[in-house]
Structures are given as C-alpha cells and as structure tokens.
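One letter stands for each residue in the lines below.
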Amino acid sequence: MPTLVLVAIVGFVAQLIDGAIGMAFGITSTTMLLIVGYGPAMASAVVHLTAIGTSIASGAFHLRFGNVDRAALLKVAVPGGIGAFVGAMLLSSIDLSAARPWTATLLLVLGVVILLRFSRVAILGVTRRARARWLMPLGLAGGFVDATGGGGWGPIVTTTLTASNALTPRKAIGTANTAEVVVALAASAGFLIGLGASSIPWDAALALLVGGIIAAPIAAKLVSIAPQRILGLLTGTVIVLLNVYQLATALDAPDGIVIAALVVGLLGCAVAVGAGVRVHLAEPRGGVSGGASTGESAAASEAPGEDPLEQRRD
C-alpha cells in the first residue's frame, strides 16, 4: 500500500510537470517504477496505459484553454501512434538501450537551441509552417522513442516544435500533450499484445493514473496564463538537465563525471534563464519583445492584449 501511495504521488508530480512544460511524465514515472523493481518493458507498459487517461484529461483541458494547434495535431498524432505501436512490440522482445546516447545527444542540442532562442531579446529563427512532410517523421520518431524508452514523446515533439519556431511554447505543449492520447493508445495495444494483460501490474497503473488526472487541469491552466518566454526557458532547462544526465549515465561515466556534467549544465541553464528573465522583465506588459519572428514589426508584436509569439505564422 505505501508503494502505491508513492506511485500516485509520482503520477501527480509527473503530470504536473508534463502538462506544464510538455514533457517528463514518462521519464519521471518510468524511472520511479524501475527503482521500485519493475522491468523496462513492464514499466513502460504501465506508464503508457496510465498515459491514456492522463493524456485524455490533459488534452481536454488544453483544448478548453486554447493551447492546441488543431492543424498540427493529427499530422503528428497519427504517425506518433504508428511509431509507438512498433516500438512497444520491439521492446517486448529485444533491448534497444544502445540508441539512448544518440537520442540524448540530439535532445541536448535541441534544448540548448531553445535556451538560446528564449534568452535573447529577438527570438531566433524564421517562423515556419507546421507542415505534414516534417511533422509526420517527427511524430513517427517521437512515438517510437517514447515506447522503447518509457518516455520521450514530449522531449522530442515539444522540443522540436518549439526549437523549429513552428509553434509557440504554449501551442507546442498543448498540441503534444493532446496528441499523446493516440500515442498512448497505440503503445498500450503493442504492450498488451507483446506482454499479455496478465503480466501488467494494474494496481500500479491505477495509482499512477489517479495522481496524474488530479494534476491535469492545474497544469493546463498554468500553461494558458504563463508568459511564453518563461515557458520556453523552463522547457529548455528541463531538456538540457535531463539529457546531460541521460547521456552521462548511458555512457557509463563515473559518478564524479556525472555530477560535474550536471553542475556545468545547471550553471549554463542558470545563465540563459537569468538573461531571459531580465529581458522578460524589461518588456512591456510582460510579453515577448518585437523579435518574435524575423521580419515582424515592433508594432505588430506589441498589439494590445496579444503575446507576439501567439500571432499566426505564415
């Protein structure tokens, strides 16, 4: 019983973070379940079964608060489901941990890009359309990594949507969270076929679900009211720190090296966040300054009542 209460608390905290910055539910929950003693495939199965309920709740509230880009939603969700199903079937029979250093390196680079983007007065990068020709491969890769690693949909999809300047942080977070319903359903189907329903600890899945559902509306509301620059900085910080740790441990680095890498990563993030916060405090009405995208005028970016990052992109 104490273990299940702890699992429920983990579900609450993990969903609060995931719903607020678009990532970390799978990584946090899977790590906890592995510590408790579940195997990688079983832990990932529990997390994805739970994510069906938490992502439905999270997606519903993100839709309600206007945090979802509907045009991009299906383009990333459907291929994400395909990738998740294939990944779940593979994880049920083989070990795919050798790819972890490459994934961590890619995400670390994307996290640095996000921090650079949101710590400057002018947001870096030219805005682009969220086109199917690159959203579909993104969803496919995100779903596959998510199922095989017990998490990764948010870090890959939210991070790429934000770093590419296709969606604002708010829309990237809400869209990724809502699309995760399809990913969770597909991954769960793959695990049920590969492992069998009798192999899954349903009590742990229920405890994780209860905690996650309680946190879902709180996180969605936070996203709808938080300044976009601050969301971007938080997203970048979490991505960098998680993947510095993932990369160091995946390479079997000594504990001293892991700690040193985390300290360096934390200092770098602190510098970027400090610079971004100073810019944010100097901006009119707490919005993002006129560099929301290359070529936008200051007058457009300071339209009354609008966050410049929320304007529609061509």
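This structure is a prediction, so every number in the text was calculated from the model and none was measured. (Residues numbered from 1 in each chain as written. Predicted model: local features only at pLDDT ≥ 70, side-chain atom pairs only at ≥ 80, totals over all residues. Heavy atoms only, no water.)

## Observations concerning the overall build of the chain
The line we're drawing: Note on conventions: DSSP H or I runs of at least 4 residues are helices, E runs of at least 2 residues are strands, and numbering of each starts at the N terminus. For each residue, the accessible area found with a 1.4 Å probe, counting protein chains only, is set against the maximum for its type, and the residue is called buried under 20%, exposed over 50%, and partly exposed in between. Here the Shrake-Rupley method, with its probe set to 1.4 Å, supplies the accessible areas, and only the displayed protein chains count as covering residues.
The helix and strand inventory of the chain stands at 12 helices and 0 strands. Out of the 314 residues in the chain, the part that is buried amounts to 53%. Accessible surface, the chain: about 13,300 Å² in total, of which carbon and sulfur atoms supply 71%.

## Looking at the nonpolar core
Nonpolar side chains in soluble globular proteins tend to be buried together. The condition that has to hold: Definition used in this section: a nonpolar core is a set of buried Ala, Val, Leu, Ile, Met, Phe, Trp, Tyr and Cys residues joined via side-chain atoms within 4.5 Å. Throughout, a residue-residue contact means that at least one pair of heavy atoms, one from each residue, lies within 4.5 Å.
One finds Leu33, Val46, Leu138, Trp153, Val157, Leu161 and Leu208 to be the most contacted residues of the largest nonpolar core, which totals 48 residues. Counting residues per element, the ones that place at least two in this core are helix H1 (2–21), helix H2 (25–36), helix H3 (40–64), helix H4 (70–91), helix H6 (132–149), helix H7 (153–163), helix H8 (169–195) and helix H9 (202–225). Other than its neighbours up to four places away in sequence, Val157 contacts Val76, Leu138, Gly142 and Ala176. Core analysis: the second largest hydrophobic core is formed by 13 residues, Ala104, Leu110, Ala163 and Leu247 among them.

## What about a nonpolar patch on the surface?
Selection criterion: Put simply, a patch holds well-exposed residues, over 30% relative accessible area, that have no salt bridge, with like charges counted together within 9 Å and Val, Leu, Ile, Met, Phe, Trp or Tyr side chains within 5 Å. Salt bridges are defined by distance alone: a side-chain nitrogen of Lys or Arg within 4 Å of a carboxyl oxygen of Asp or Glu.
A surface patch of nonpolar side chains, amounting to about 770 Å² of accessible area, comprises Leu74, Val78, Ile82, Phe85, Val86, Met89, Leu90, Leu140 and Ile193. Considering the arrangement of structural elements, one finds Leu140 in helix H6. Judged by its relative accessible area of 42%, Leu140 falls in the partly exposed class.

## Quick notes on H3
What counts, and what does not: Every helix has an expected span of 1.5 Å times one less than the residues it contains. In this analysis the local bend is the angle between axes fitted, respectively, to the seven residues ending at and the seven residues starting at the residue.
With 25 residues, H3 extends 35 Å from end C-alpha to end C-alpha; this agrees with the ideal 36 Å at 1.5 Å per step. Along H3, the sharpest change in direction is near 35° and occurs at Ala51. Across the 25 residues of H3, 18 count as buried, placing the element largely inside the fold. At the C-terminal side of H3, Gly66 shows a positive phi close to 75°.

## Some points on H7
Helical geometry: 3.6 residues make up each α-helical turn, so side chains three or four residues apart lie on a common side. Most of H7 is tucked away: 11 of the 11 residues are buried. Among the residues making up H7, those that are buried are Trp153, Gly154, Pro155, Ile156, Val157, Thr158, Thr159, Thr160, Leu161, Thr162 and Ala163. Phi turns positive one or two residues past the end of H7, at Asn165, with a value near 70°.

## Some thoughts on the environment of Ala187
Inspection of the secondary structure puts Ala187 in helix H8. Sequence-wise, Ala187 and Ala147 are 40 residues apart; in three dimensions their C-alpha atoms are separated by 6.0 Å. Non-local contacts of Ala187, meaning those with residues more than four positions away in its chain, are made with His48, Ala84, Phe85, Ala88 and Ala147.

## Overview of the packing of H3 against H9
Definition in use: Helix axes are fitted to C-alpha atoms over the stretch in contact, other axes to C-alpha atoms as well, and angles between N-to-C directions run from 0 to 180 degrees. An angle below 35 degrees is read as roughly parallel, one above 145 as roughly antiparallel, one from 65 to 115 as roughly perpendicular, and any other as oblique. Crossings are classed by handedness, with left-handed meaning an anticlockwise turn of the near helix from the far one by less than a right angle and right-handed meaning a clockwise turn. Side-chain classes are defined by residue name, with Ala, Val, Leu, Ile, Met, Phe, Trp, Tyr, Cys and Pro counting as nonpolar, Asp, Glu, Lys and Arg as charged, and the others, Gly among them, as polar.
It is at 8 Å that the axes of H3 and H9 come closest, and there the two elements cross at 25°. As summarised for this structure, H3 and H9 are arranged roughly parallel, according to the angle between their axes. Crossing handedness for the pair H3 and H9: right-handed. Contact residues: Val46, Val47, Leu49, Thr50, Gly53, Thr54, Ala57, Ser58, Phe61 and His62 in H3; Trp202, Ala204, Ala205, Leu208, Leu209, Gly212, Ile213, Ala216, Pro217, Ala220 and Val223 in H9. Residues of the contact of H3 with H9, tallied by class, amount to 15 nonpolar, 6 polar and no charged.

## Structural notes on unusual backbone geometry
For Asp252, which is not glycine, the phi torsion reads 55° and is therefore positive. With respect to the element layout, Asp252 can be found in the loop between helix H10 (228–250) and helix H11 (255–282). Residue Asp252 is classed as exposed on the basis of its relative accessible area, which comes to 68%.

## Regarding the packing of H8 against H10
One can describe the packing of H8 onto H10 by two numbers: an axis separation of 8 Å at closest approach and a directional angle of 60°. Relative to H10, the element H8 is oriented oblique. On the side of H8, the interface is formed by Pro169, Arg170 and Ile173, while H10 contributes Gln228, Leu231, Gly232 and Thr235.

## Quick word on empty space enclosed by the protein
Which entries qualify depends on this criterion: Lining residues are those with an atom within 4 Å of a point, where the points come from a 1 Å grid over the protein atoms alone and group into cavities, where a 1.4 Å probe fits but cannot get out, or pockets, open sets with protein on both sides within 12 Å along at least five of seven lines. Grid points are joined across faces, edges and corners, and a volume is the space filled by probe spheres set on the points.
Enumeration according to the criterion identifies 2 cavities of 30 Å³ or more in this entry. The calculated volume of the second largest cavity comes to roughly 30 Å³. Lining the second largest cavity are Gln15, Asp18, Phe25, Ala51, Thr54, Ser55, Asn177 and Glu180. At the level of elements, H1, H3 and H8 are the ones that each hand at least two residues to the lining of the second largest cavity. Here the element with the most residues in the lining of the second largest cavity is H3; it accounts for 3 residues. Residues belonging to the lining of the second largest cavity are distributed by class as follows: 2 nonpolar, 4 polar and 2 charged.

## Here we look at the environment of Pro227
Relative to the helices and strands, Pro227 resides in the loop between H9 and H10. Residue classification places Pro227 among the partly exposed residues on the basis of a relative accessible area of 30%. Distance in space between the C-alpha atoms of Pro227 and Pro169 is 9.4 Å, their sequence separation being 58 residues.

## Some remarks on the confidence of the model for the chain
As a reminder, the rule being used: pLDDT is defined as a per-residue confidence score from the predictor, taking values between 0 and 100.
Residues of the chain with pLDDT of at least 70 account for 81%, and the chain-wide mean is 78. Across residues 286–314, where pLDDT falls below 50, the model places 57 contacts with residues more than four positions away in sequence or in other chains.

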